[in-house]
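# Overview (structure and organization)
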Amino acid sequence: MDEILFVYSQINIEIMDKIKVVAAVIKKDDKILCMQRCRSRQTYNSERWEFPGGKIEKHECDHEALLREIKEEMDWDIYVGRRIGTVSHDYPDISVEIAAYLCKPGDGEFTMLEHLDAKWLTANELPTLNWADADKKIVELIRKL
Ligand SMILES: Nc1nc2c([nH]c(=O)n2[C@@H]2O[C@H](COP(=O)(O)OP(=O)(O)OP(=O)(O)O)[C@@H](O)[C@H]2O)c(=O)[nH]1
C-alpha cells in the first residue's frame with residue numbers, strides 16, 4: 001500500500017502545474033537580505049529562511065510581481081535588476097519554479113509585516129541559515145556570482 005501511495009504521489013507531482021514564484025535577492029553594499037518565514041502548516045518551510053517575494057499573479061510580469069510582493073510584505077520599494085537564475089523544486093504537496101532577481105533597496109527602511117526575522121548576510125555567510133530547500137539552490141547561484 002505504501003508503495004502504491006508513493007508512486008501515486010510521484011505521478012501527482014509530475015502532472016501538477018509548477019507554481020511560479022519570484023524572489024528578490026536584495027543587496028546593500030556586500031550584504032544580502034534574508035527573511036525567515038513564519039511558523040506554518042507547510043511544515044517543510046515553516047520557520048525556514050527565504051528571499052522575499054511570492055506567487056506571480058495572472059497577467060503580471062516578474063518585475064510587477066516583485067514590486068507588489070515587497071510592498072505587501074515589507075512596505076518597501078525596491079529596484080529590480082537582472083535575473084540571477086530560475087530554480088525548480090518539488091515539495092511534498094506543491095511544485096515551485098522560482099525566478100530570483102538581483103535587487104537594490106529603495107529609500108528608507110522596510111517594515112517586517114509577514115516574516116519572523118530578517119538578517120543581512122554576506123554571500124559566504126548565507127549557508128549558515130536553515131533555508132527552504134528550493135532556496136538552497138538560489139544560495140548556490142549567488143555564491144557563484
Ligand atoms: N516568497 C518566497 N516563496 C518561496 C521561496 N522559496 C520557496 O520554496 N517558496 C515557496 O513558494 C511558495 C509561494 O510563496 P509565498 O507563500 O511567499 O507566496 P504568496 O505570498 O504569493 O502566497 P500567499 O499569498 O498564498 O501566502 C510557497 O510555497 C513558499 O514556501 C522564497 O525564497 N520566497
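The rules behind these values
Residues numbered from 1 in each chain as written. Predicted model: local features only at pLDDT ≥ 70, side-chain atom pairs only at ≥ 80, totals over all residues. Heavy atoms only, no water. Near = heavy atom within 4 Å. Polar contact = N/O pair within 3.5 Å; in protein donor to acceptor, adjacent residues only side chain to side chain. Areas by Shrake-Rupley, 256 points an atom, 1.4 Å probe, with all protein chains shown as cover. 1 Å grid on protein atoms, 1.4 Å probe; cavity = no way out; pocket = protein on both sides within 12 Å on 5 of 7 lines; lining within 4 Å. Sits in = over half its atoms within 2 Å of the grid points. Helix = DSSP H or I, 4+ residues; strand = E, 2+ residues; numbered from the N terminus. Salt bridge = Lys/Arg side-chain N within 4 Å of Asp/Glu carboxyl O. Buried < 20%, exposed > 50% of the residue type's maximum accessible area, 1.4 Å probe, protein only. Pairing = 2+ DSSP bridges.

### Describing the site of the ligand
Around the ligand, 16 residues are found, and the nearest of them are Asn45, Phe51, Lys55, Tyr91 and Asp135. Gln42 has a polar side-chain atom sitting 2.9 Å from an oxygen atom of the ligand. For the ligand, the protein covers 77% of the area, taking 620 Å² as the surface of the free molecule. Under a 2 Å grid-point criterion requiring more than half of the atoms, the pocket assigned to the ligand is the largest pocket. At the level of secondary structure, the elements contributing two or more residues to the shell around the ligand comprise β4 (53-55), β6 (95-105) and α3 (133-143). A per-element tally of the shell around the ligand places β4 first, with three residues.

### Looking at the pattern of salt bridges
Per the counting criterion, the structure on display carries eleven salt bridges. Ionic pairing is found between Glu97 and Lys20, a salt bridge with its closest N-O pair at 3.0 Å. Residue Glu97 is located in strand β6, and its partner Lys20 is located in strand β1 (residues 19-28); the two are separated by 77 residues in the primary sequence. Given the relative accessible area of 22%, Glu97 is considered partly exposed. By relative accessible area, which is 46% here, Lys20 ends up partly exposed. For Arg68, the salt bridge is made with Glu69, and the minimal N-O distance between the two is 3.2 Å. No difference in accessibility class separates Arg68 from Glu69, as the two residues are buried. The network of salt bridges with common partners includes Glu57, Glu60, Arg68, Glu69 and Glu72.

### Quick look at the pairing of strand β2 (residues 31-36)
Every regular strand shows the same layout, with side chains that alternate between the two sheet faces. With respect to burial, β2 is a largely interior element, five of its six residues being buried. Note: β1 against β2, two bridges, orientation antiparallel. Residue Lys27 lies in a different strand from β2, and its bridge partner there is Ile32. Following β1, the chain reverses through two residues before pairing antiparallel with β2; Asp29 in that reversal takes a positive phi of roughly 55°. Relative to strand β7 (residues 117-121), β2 runs antiparallel, the two sharing five bridges. Bridge pairing in β7 links Gln36 to Asp117. Bridge analysis of β2 against strand β3 (residues 49-50) gives two bridges, and the strand direction is antiparallel. Directly across from Met35, in β3, lies its bridge partner Glu50.

Read these as spatial facts, not as claims about activity.
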